[in-house]
Amino acid sequence: MTKRCSNSNCYVHEGESCVDGHLDLAECEHYRSGHSDSKTKAGQSTPIESAARVPWSGATLGLSDLITLLPRARSILVGVLGAHDAGKTTLLLGNYLTCLRGSAIAEGEFCGSWTLGAWEALAAWSRFDDAARKPHFPPHTPRGTSRAPGLLHLALRRTDQTLRDILLSDAPGEWFTRWAINENAPEAEGARWTVEHADTFLVIADCDRLSGPERGSARTDLRQLLERLGGHVGNRPVILVWTKTDKKSLAELTPGIRDSIQKALKEAIPHATEMTTTVGHPESLTEAISIAVNSVWEPSRCSPILEPVLHHQPFSAFRGRKC
Ligand SMILES: Nc1nc2c(ncn2[C@@H]2O[C@H](COP(=O)(O)OP(=O)(O)OP(=O)(O)O)[C@@H](O)[C@H]2O)c(=O)[nH]1
Ligand SMILES: [Mg+2]
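Residues numbered from 1 in each chain as written. Chains lettered and ligands numbered in written order. Predicted model: local features only at pLDDT ≥ 70, side-chain atom pairs only at ≥ 80, totals over all residues.

A look at the nonpolar core
Now for step 1: Counting 61 residues, the largest nonpolar core has V78, L202, V203, A205, L229 and V241 as its most contacted members.
Now for step 2: Residues within four places of A205 in sequence aside, it is in contact with L210, L222, L240, V241, W242, T243 and I261. (Core = buried A, V, L, I, M, F, W, Y, C linked by C-beta atoms within 7 Å. Buried ≥ 20, exposed ≤ 12 C-beta atoms within 10 Å, placed from the backbone. Contact = placed C-beta atoms within 7 Å.)

Re the domain arrangement of the protein
Now for step 1: Parsing the protein into structural domains produces domain 1 (1-55) and domain 2 (63-297).
Now for step 2: For domain 1 and domain 2, the distance between their C-alpha centres works out to 36 Å. (Domains from an automatic or database assignment.)

Details of the site of ligand 1
Now for step 1: Ligand 1 sits among 20 residues. The nearest are T89, T90, F137, T141 and G173.
Now for step 2: In terms of residues, the shell around ligand 1 owes the most to one element, helix 3 (residues 88-100), which gives three residues.
Now for step 3: Class assignment of the residues belonging to the shell around ligand 1 gives a composition of five nonpolar, ten polar and five charged. (Near = placed C-beta within 6 Å. Helix = DSSP H or I, 4+ residues; strand = E, 2+ residues; numbered from the N terminus. Nonpolar A, V, L, I, M, F, W, Y, C, P; charged D, E, K, R; others polar.)

A short note on the pairing of strand 9 (residues 273-276)
Now for step 1: In terms of strand pairing, strand 8 (residues 238-243) meets strand 9 through four bridges, oriented parallel. Across the sheet, L240 pairs through a bridge with E274, a residue of strand 9.
Now for step 2: The parallel pair strand 8 and strand 9 is bridged by helix 9 (residues 255-268), and the resulting crossover is right-handed. (Pairing = 2+ DSSP bridges. Right-handed = clockwise from strand over helix to strand, strands pointing away.)

Describing the pairing of strand 8
Now for step 1: Counting buried positions along strand 8 gives six out of six residues, so the element sits mostly inside the fold.
Now for step 2: Judged by which residues are buried, strand 8 turns out to be covered on both faces: V238, L240 and W242 on one side and I239, V241 and T243 on the other are all buried.
Now for step 3: Here six bridges tie strand 7 (residues 200-206) to strand 8, and the two strands are oriented parallel to one another. Within strand 8, the residue paired with D206 across the bridge is T243.

Quick look at unusual backbone geometry
Now for step 1: In this structure, D85 is a non-glycine residue whose phi angle is positive, near 70°.
Now for step 2: Note on placement: D85 falls in the loop between strand 3 (74-82) and helix 3.
Now for step 3: Residue D85 is classed as partly exposed on the basis of its C-beta count, with 17 C-beta atoms lying within 10 Å.
Now for step 4: Its identity is not glycine, yet K244 carries a phi of approximately 60°, on the positive side.
Now for step 5: You can see K244 is positioned in the loop between strand 8 and helix 9.
Now for step 6: Residue K244 is classed as buried on the basis of its 24 C-beta neighbours within 10 Å.

Considering the sheet that holds strand 7
Now for step 1: Across the sheet, seven strands lie side by side as 4-5-6-3-7-8-9; this open sheet has mixed pairing. Two strands bound the open sheet, and with one partner strand each, they are strand 4 (109-110) and strand 9.
Now for step 2: Looking at chain direction, strand 4 and strand 5 (residues 150-157) are connected through two bridges and run antiparallel. From the neighbouring strand, E109 faces strand 5, where its bridge partner is R157.

Pasting the structure below:
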């Protein structure tokens, strides 16, 4: 009968390895004190063998996976924000396909991923697998009410041997639309988590929608999102990415729409930069992630500690040897 470990971060009952590293589960005190899964029918037996496994499943990472992954290297969480259908998942997938071709991202070579299953599930949509089905864009990211988005993972290593675990948030656009309208909305918990924890941001502006019949509401949604993000971003890097420029280039957008978004960006996030992408030029998708990752590859230095002057007396005047 399937047995659950008493450690809530351990998924040994789903075929992963013991999170504490025990090859023989009988040696793990948490597993010994675990309980049988009540959903398993009596008599159905799925014994867990004592064998070397990995502590991840290949699906997108959740919060408990981060407990295992994050201690090994410096990580970079890239928050990808934007409305439904804006092109967020396509942008991320383009980067995985770049890695498969052997190209570098942010000067780092691909050196592993804990979410190969999730990447391949997305990549399968873009491949010719039989004569009947043509390559397609990935499907809509399902809307859930999880506390955090599904995170896609790439490990990148530069020639100087520095390694970074890159976590790319693949969230449904509805979360950000809700968050932009009401930052305390219960459905926006995943958006709040992303904005609180991301090291760098890509905000997606859909040129196709901004030039179509819904351009008025698309502009309002995007302005609201930029204004909301401006209140939380601090000095973290932000790039406004104009996507689908094969359908409508940035220059072809109605000046009123384009100018009002650029004005909102300048007011809400003055340090933000802009760039354009299209699946027609896959390198533009890689460039967007590369710029975001490059901007935080080296963490910014802490500000020096300045000792405050508390007493104006010669005895208290010693300010350290370097002063
Ligand atoms: N022409 C063109 N269409 C694009 C491009 N990128 C995305 N699309 C279209 O936009 C649709 C939505 O793309 P997704 O990447 O799924 O969008 P998303 O932002 O992840 O959407 P949600 O998961 O619903 O939030 C795709 O099905 C494509 O039809 C592009 O560069 N050019
Ligand atoms: Mg998506």
